[in-house]
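Here's the letter readout for the chains.
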Amino acid sequence: MVINVVGPFMQLGEPVVQAALAEGCHYLDTTGEQDWVMFLRERYAEAFKDKNLLLCPANSYMWTAGQLVIETLLETTGIDSFDVVYAPNGAPTIASTLSFLRMCTKPQYILANRTLETWPEASSIQVSVPHTHEILRGLPWGGGCEPIWYERDPRVRNVRVCVAFPNVPLVDWVMSKITEFARLKPGLSPQEAEDLTNAWGREVAQTPPREIEDVNRFVISCRARGRLIGRNLAFYGTSPYLQTGLLGAFGAGALLAGRQRQTGFASPAAAFGHREIIAALNRTGLLCTLEGALS
């Protein structure tokens, strides 16, 4: 198998996917890029399925954690709509910074009444999360992969994902760059656009320190409803990059043991089972148990 951790994936990933397919390898990656996931689904899903191989992008904290919450809520009959907020506390890596800056300048999709629609350009919203009294500012941050995972799922009608940041200067800087990009976009070629967001990312990106489990905590909050029912669920956890490493190891172990549930294009939960992933994260002390979290 191949576990690809090198982004931005839309710029660098396709030769790795082609090599995995040619050599008969399952493919996992840690992308956060919504357009890359859509590209893989449309371009390579059938080819991997024909070879009985798994094609599983975004097997990482973003955007697997939100899917784990959604799948847990889908166990309640009648729930079909999900508003997900990621609230991390930590600095992104250099590759993550480049990936998310490019994604913030692309169409960022939500699933609305089973149709993909775009967030308004250069938009942010106010959000509340369970662990603080402060109202945070949420950004689409690329839109997440959850709307793509569930676009063709008959159980799901609506999915919206955003990321809430306590770091106000970072949010202000990102918003200023998105606004500037909207002004410059008409005169840019696709390659020039990629070069510009890479340059912006390198201005501010730096390798963060290793995560500290009592510092780099996060919350995933989801408000869910159906026609006549509603539920709220929050997952409390720590260390998104450690979680990403564990998700790769868990996926590798499942594939080596032949425990994958699907081949071809599949989300992490569809490929490996949401309860199984949650249990693995819980055993290592990286994610809360489910008991008492559902209201």
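Provided above is the structure to which this section pertains.
The rules we used
- Residues numbered from 1 in each chain as written.
- Predicted model: local features only at pLDDT ≥ 70, side-chain atom pairs only at ≥ 80, totals over all residues.
- Heavy atoms only, no water.
- Helix = DSSP H or I, 4+ residues; strand = E, 2+ residues; numbered from the N terminus.
- Rg over C-alpha atoms; globule rule 2.2 N^0.38 Å.
- Buried < 20%, exposed > 50% of the residue type's maximum accessible area, 1.4 Å probe, protein only.
- Contact = heavy atoms within 4.5 Å.
- Areas by Shrake-Rupley, 256 points an atom, 1.4 Å probe, with all protein chains shown as cover.
- Lys, Arg positive; Asp, Glu negative; His and termini not counted.
- Charge placed at Lys NZ, Arg CZ, Asp CG, Glu CD.
- Phe/Tyr/Trp six-rings, centres within 6.5 Å; stacked < 30°, edge-to-face > 60°.
- Axes fitted to C-alpha atoms, helices over the stretch in contact; angles between N-to-C directions.
- Parallel < 35°, antiparallel > 145°, perpendicular 65-115°, else oblique.
- Left-handed = near helix turned anticlockwise from the far one by under 90°.
- Nonpolar A, V, L, I, M, F, W, Y, C, P; charged D, E, K, R; others polar.
- Expected span 1.5 Å × (residues − 1).
- Pairing = 2+ DSSP bridges.
- Salt bridge = Lys/Arg side-chain N within 4 Å of Asp/Glu carboxyl O.
- Patch = residues over 30% accessible without salt bridge, like charges linked within 9 Å, V, L, I, M, F, W, Y side chains within 5 Å.

S.K.: Would you explain the overall build of the chain in this entry?
M.R.: Of the regular secondary structure elements, the chain holds 11 helices and 12 strands. In terms of overall dimensions, the chain is globule-like: its C-alpha atoms have a radius of gyration of 18 Å, near the 19 Å expected for 295 residues. For the C-alpha atoms alone, the extent of the chain along its principal axes is close to 50 × 50 × 40 Å. Among the 295 residues that make up the chain, the fraction classed as buried is 54%. A fraction of 75% describes how many contacts in the chain between residues 6 or more apart in sequence connect residues 24 or more apart. Accessible surface for the chain amounts to roughly 13,300 Å². Of this, 53% is attributable to carbon and sulfur atoms. Distance between charge centres in the chain, computed from 26 positive and 29 negative side chains, equals 5 Å.

S.K.: For this particular structure, what's the right way to read the packing of aromatic side chains?
M.R.: Aromatic rings considered in pairs are described by the distance between their centres and by the relative angle of their planes. Enumeration according to the criterion identifies 11 aromatic pairs in this entry. Look at Tyr61 and Tyr86: their rings are 5.5 Å apart centre to centre, the planes differ by 90°, and that puts the pair in the edge-to-face class. Highlighted residues: Tyr61 in helix H4 (residues 61-73) and Tyr86 in strand S4 (residues 79-87), separated in sequence by 25 residues. One exposure class covers both Tyr61 and Tyr86, and it is buried. Linked through ring pairs, Tyr61, Trp63, Tyr86, Phe100, Trp141, Phe165 and Phe218 together constitute an aromatic cluster.

S.K.: I tried to follow the packing of helix H9 (residues 240-256) against helix H11 (residues 274-283) on my own but got confused; where do I start?
M.R.: Each packed pair of helices is defined by two parameters, the angle between the axes and the distance between the axes. Interhelical geometry of H9 versus H11 gives an angle of 125° and a closest axis separation of 10 Å. Judged on the interaxial angle alone, H11 and H9 are oblique. In the crossing of H9 with H11, the sense of the turn from one axis to the other is right-handed. Residues Gln243, Leu246, Leu247 and Phe250 of H9 touch H11, and the partners they reach there are Glu276, Ile277, Ala280 and Leu281. For the contact of H9 with H11, the per-class residue count stands at six nonpolar, one polar and one charged.

S.K.: Even after reading the chapter, I still don't get H4, so can you show me in this structure?
M.R.: Given 3.6 residues per turn, any residue in an α-helix points the same way as the ones three and four places further on. Along its 13 residues, H4 runs 18 Å from first to last C-alpha, staying within 8% of the 18 Å computed at 1.5 Å per residue. In terms of burial, H4 is largely enclosed, as 13 of its 13 residues are buried.

S.K.: Where do I start with the sheet that holds strand S3 (residues 54-56) in this structure?
M.R.: Sheet strands associate in pairs through backbone hydrogen bonding, adopting either a parallel or an antiparallel arrangement. The four strands are arranged S1-S2-S3-S12 in an open sheet whose pairing can be described as parallel. The sheet terminates laterally at strand S1 (2-4) and strand S12 (264-265), the two strands that pair on one side only. Bridge count for S3 against S12 is two bridges, and the pairing is parallel. By the bridge assignment, Leu55 is partnered in S12 with Phe265.

S.K.: Hey, could you run me through the pattern of salt bridges in this one?
M.R.: Should the charged atoms of two oppositely charged side chains come close, the side chains can pair. Taken as a whole, this structure holds 18 salt bridges when the rule is applied. Here the salt bridges share partners, and the residues they tie into one network are Glu33, Asp35, Arg102, Lys106 and Glu194.

S.K.: Explain helix H8 (residues 190-204) to me, please; I cannot follow it from the model alone.
M.R.: With 15 residues, H8 should cover 21 Å at 1.5 Å per step; its first-to-last C-alpha distance of 22 Å lies within 8% of that length. By the burial criterion, the buried members of H8 are Ala193, Glu194, Leu196, Thr197, Asn198, Trp200 and Gly201. The elements touched by buried residues of H8 are helix H1 (9-12), helix H5 (94-104) and helix H7 (168-184).

S.K.: Explanation requested: unusual backbone geometry in the structure shown.
M.R.: What you tend to see is this: most non-glycine residues have negative phi, and most peptide bonds are trans. A cis geometry characterises the amide bond from Gly7 onward to Pro8, with omega recorded as 5°. For Pro8, the location among the structural elements is in the loop between S1 and H1. Residue Trp63 follows Met62 across a cis peptide bond; omega there is 20°. Despite not being glycine, Ala58 shows a phi value in the positive range, around 60°. If you trace the backbone, Ala58 turns up in the loop between S3 and H4. Look at Arg114: it is not a glycine, yet its phi comes out positive at around 65°. With respect to the helices and strands, Arg114 occurs in the loop between strand S5 (109-112) and strand S6 (115-118).

S.K.: Where do I start with the environment of Ala47 in this structure?
M.R.: Of note, Ala47 is situated in helix H3 (residues 34-50). Ala47 sits 218 residues away from Phe265 along the chain, and the two C-alpha atoms are 9.4 Å apart.

S.K.: What exactly am I supposed to notice about a nonpolar patch on the surface here?
M.R.: Side chains of Met1, Ile3, Val5, Val6, Leu12 and Leu256 sit close together on the surface and give an oily, nonpolar patch of about 560 Å² of accessible area. Note that Leu256 resides in helix H9. The class for Leu256 is exposed, based on a relative accessible area of 71%.

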